[in-house]
Amino acid sequence: MKKTVHVIGAGAVGISCAIHLLSDGHNVVLLDREGPAAGASFGNAGAIVNGSCLPTATPGIVLSALKMLLNKGPLSIQAKHALSLTPWLLRFVNQSRETNYLNSAEHLIALTNHANSSWQRLLSNTPCQSLMVQNGWLRLFETTAAFDANLAARELMDQLQVPYQLLNQQEVRDLEPNLAPIFKHGFFQSDCHSINNPGRMLESLTDHFIALGGTFKQCNIQDIQIQNEQITLKTNQSDLSVEKIVLCTGAWSTQLTKGLNYRAPLAAERGYHMMLPATDAISRPVVNADRGFVICPMESGLRVTSQVELADVDAPADYQKIQSYLPDVQHMLPSIEPKIESCWMGPRPSFPDSLPVISQFSEHIYFAFGHQHLGLTLGPITGELIADLVAQRAPNIDLTPYRHDRF
Ligand SMILES: Cc1cc2nc3c(=O)[nH]c(=O)nc-3n(C[C@H](O)[C@H](O)[C@H](O)COP(=O)(O)OP(=O)(O)OC[C@H]3O[C@@H](n4cnc5c(N)ncnc54)[C@H](O)[C@@H]3O)c2cc1C
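So, here is what we can say about the structure in this document. Nothing here was measured: the structure is a model prediction, and the numbers come from that model.

## What about the overall build of the chain?
- The number of helices and strands found in the chain is 13 helices and 21 strands.
- Computed over C-alpha atoms, the radius of gyration of the chain comes to 21 Å, within 12% of the 22 Å expected from 2.2 N^0.38 for 407 residues, which places it in the range of a compact globule.
- Over its C-alpha atoms, taken along the principal directions, the chain stretches across nearly 65 × 45 × 40 Å.
- Burial analysis of the chain (407 residues in total) assigns 46% to the buried set.
- Within the chain, contacts between residues at least 6 apart in sequence are counted, and of these 77% link residues at least 24 apart.

Spelled out as structure tokens, the structure:
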């Protein structure tokens, strides 16, 4: 029987869930305290990395993390949050053991293998199709040491049959002629796509959802309560009695599950971007593996993304480090105008095993959060899987690895 489903959180995950639930014939109300794409989904690098399989907790991560911390690299841990992050860090280190790492890789690719096709299905019959282009995912190495450090990732991709191409210095130049000739090695996944304005894509998809009969409501949910099997959303306005909910509030999700007595090790891996003037000097997102940042040509300018800052999700942003990458970006792409137009911070919602929760929590409550560095990639497939769960249809992916009670 068709129900009214309230989807909480209008990021890449929530909007995808809302559209797929609506397609199934449910009444759908999408709630967000700000608007579509107000969280991490707004300012990411826009890459849809089909076949991405590398969990964040890799064997040897402890040593490389220590090096990054000591060299003031892209990783940082805010000292005042270090104690509260310790349980998450311990689980994360445990996940870097070979068997755990391989398990996560297999369960990650079971989802990311559907990235391209699920995005295409989501965008079919929408006016947003031109915002997604197949231009590949390019990772470049200035030094052979950095290229060699990437060997384990390539071996994992070989094992899981993820297609990629290795490039020499000349082939890198053929692909991106305006980059400085500093890259000795390249690594290219040509089947990946990118979205050159994730914020606008998600706003357009929300408009499409509304045009199809969905409802969007701005509303800050403060708590979720259940009494006598009735779900109540406590909001900054009036309380809402609802039939079914899907919780998609990214890195804020575990703040809202306290009323359900559900706790899980979800951390905010906060990332940053700075915007420089628009340029057509590059034609795809490019990772500088040595220096740890990505440059992405967006319709609103050149976006530079970087950093994993482990801190409280709502701690104030500090834009110093992202701004300090400006000389590195100039070194890599000499033609840019070195003018920072804006900066942004967003929290990646991450579990230690790098897998999201896509799960039915109780008869009328569903969870879809924890998509770490891949929430844009995985939003549409998550929406399909949540729609399957709500419809009690057998999904075509085994959802056991993504259960909420795996911790
Ligand atoms: C710098 C950076 C680069 C990235 N690059 C990529 C990339 O190239 N490719 C990729 O796939 N992924 C990338 N990611 C990761 C990706 O952005 C996230 O995984 C994804 O955005 C998470 O989506 P979400 O919908 O789960 O959460 P969010 O986008 O954070 O959305 C959560 C929503 O919930 C709302 N909300 C929260 N609390 C409440 C409440 N109490 N009441 C009502 N509403 C609430 C928020 O306003 C927000 O709109 C990147 C992330 C960062 C930070």
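## Digging into the site of the ligand
- Lining the immediate environment of the ligand, one finds 41 residues, of which Gly11, Gly39, Gly250, Gly271 and Gly375 sit closest.
- Every element with two or more residues in the shell around the ligand is listed here: α1 (12-23), β2 (27-32), β15 (267-276), β19 (342-350) and α13 (375-391).
- Looking at the shell around the ligand residue by residue, the classes come out as 18 nonpolar, 19 polar and 4 charged.

## Observations concerning the sheet that holds strand β3 (residues 47-48)
- With respect to topology, 3 strands assemble into an open sheet ordered β3-β9-β5, the strand pairing being antiparallel. Two strands lie at the open edges of the sheet, namely β3 and β5 (132-133), each paired on one side alone.
- Summarising the sheet, β5 and strand β9 (residues 193-195) pair through 2 bridges and their orientation is antiparallel. Bridging from a neighbouring strand, methionine 132 pairs with isoleucine 195 of β9.

## Looking at the pairing of strand β8 (residues 185-189)
- β8 sits mainly inside the fold: 4 of its 5 residues count as buried.
- Judged from the 5 bridges that link them, strand β6 (residues 137-141) and β8 form a sheet pairing that is antiparallel. Bridging from a neighbouring strand, tryptophan 137 pairs with glutamine 189 of β8.
- As judged from the 4 bridges shared by strand β7 (residues 165-168) and β8, these two strands associate in the antiparallel manner. Residue asparagine 168 lies in a different strand from β8, and its bridge partner there is histidine 185.

## A word on the sheet that holds strand β14 (residues 244-247)
- As summarised here, the arrangement of the 6 strands in space is β10-β2-β1-β14-β21-β20, forming an open sheet in which the pairing is mixed. Single-partner strands in this sheet number two, and they are β10 (215-218) and β20 (357-362). Pairs of neighbouring strands in the sheet enclose a mean axial angle of 20 degrees, with direction left out of account.
- Looking at chain direction, β20 and strand β21 (residues 365-369) are connected through 5 bridges and run antiparallel. Bridge pairing links valine 357 to phenylalanine 369 in β21.

## Description of unusual backbone geometry
- Non-glycine residue lysine 72 carries a positive phi angle of around 55 degrees.
- By secondary structure assignment, the location of lysine 72 is in the loop between α2 (61-70) and β4 (75-77).
- Its 10 C-beta neighbours within 10 Å are what place lysine 72 among the exposed residues.
- For glutamine 372, which is not a glycine, the phi torsion comes out positive at approximately 40 degrees.
- Within the secondary structure, glutamine 372 is located in the loop between β21 and α13.

## Description of the packing of α1 against α13
- α13 packs onto α1 with a crossing angle of 40 degrees between their chain directions and a minimal axis gap of 7 Å. Note that α1 runs across α13; the crossing there is right-handed. Seen from α1, the contacting residues are Ala12, Val13, Ser16, Cys17, Ile19, His20 and Leu21; seen from α13, they are Gly375, Leu376, Gly379, Pro380, Thr382, Gly383, Glu384, Ile386, Ala387 and Val390.
- Partitioning the contact of α1 with α13 into residue classes produces 10 nonpolar, 6 polar and 1 charged.

## Points about the packing of α1 against helix α9 (residues 198-211)
- Two numbers describe how α1 lies on α9: the axes approach to 10 Å, and their chain directions differ by 25 degrees. The pairing of α1 with α9 is recorded here as roughly parallel in orientation. Viewed along their axes, α1 and α9 form a crossing whose handedness is left-handed. Residues Ala12, Ile15, Ala18, Ile19 and Leu22 of α1 touch α9, and the partners they reach there are Leu202, Leu205, Thr206 and Phe209.

## Some thoughts on α13
- For α13, spanning 17 residues, the distance from its first C-alpha to its last is 23 Å, which sits close to the expected 24 Å at 1.5 Å a residue.
- Helix geometry: α13 is bent most strongly at isoleucine 381, by close to 30 degrees.
- Burial analysis of α13 places 14 of its 17 residues in the buried class, which makes it a mostly covered element.
- Looking one or two residues beyond α13, the residue adopting positive phi is glutamine 392, at roughly 55 degrees.

## Brief notes about the nonpolar core
- Judged by nonpolar contacts, the single largest core of 111 residues is most densely connected at Val7, Ala18, Val246, Ile295 and Ala368.
- Leaving out residues up to four positions away in the same chain, valine 7 has contacts with Gly14, Cys17, Ala18, Leu21, Val28, Leu30, Leu31, Val246 and Cys248.

## What about helix α4 (residues 98-112)?
- An ideal rise of 1.5 Å per residue puts 21 Å on 15 residues; α4 measures up with 21 Å between its terminal C-alpha atoms.
- Every buried residue of α4 is listed here: Tyr101, Ser104, Ala105, His107, Leu108, Ile109, Leu111 and Thr112.
- Against the buried residues of α4 lie α3 (82-95), α5 (115-123), α7 (151-159) and α13.

## What about the environment of aspartate 24?
- Mapped onto the secondary structure, aspartate 24 falls in the loop between α1 and β2.
- Taking the C-alpha atoms as reference points, aspartate 24 and glutamine 129, 105 residues apart in sequence, are found 21 Å from one another.
- Beyond its immediate stretch of four places on either side in the chain, aspartate 24 contacts Ala387 and Ala391.

Conventions we followed
Residues numbered from 1 in each chain as written. Predicted model: local features only at pLDDT ≥ 70, side-chain atom pairs only at ≥ 80, totals over all residues. Helix = DSSP H or I, 4+ residues; strand = E, 2+ residues; numbered from the N terminus. Rg over C-alpha atoms; globule rule 2.2 N^0.38 Å. Buried ≥ 20, exposed ≤ 12 C-beta atoms within 10 Å, placed from the backbone. Contact = placed C-beta atoms within 7 Å. Near = placed C-beta within 6 Å. Nonpolar A, V, L, I, M, F, W, Y, C, P; charged D, E, K, R; others polar. Pairing = 2+ DSSP bridges. Axes fitted to C-alpha atoms, helices over the stretch in contact; angles between N-to-C directions. Left-handed = near helix turned anticlockwise from the far one by under 90°. Parallel < 35°, antiparallel > 145°, perpendicular 65-115°, else oblique. Expected span 1.5 Å × (residues − 1). Bend = angle between axes of the 7 residues up to and from the residue. Core = buried A, V, L, I, M, F, W, Y, C linked by C-beta atoms within 7 Å.

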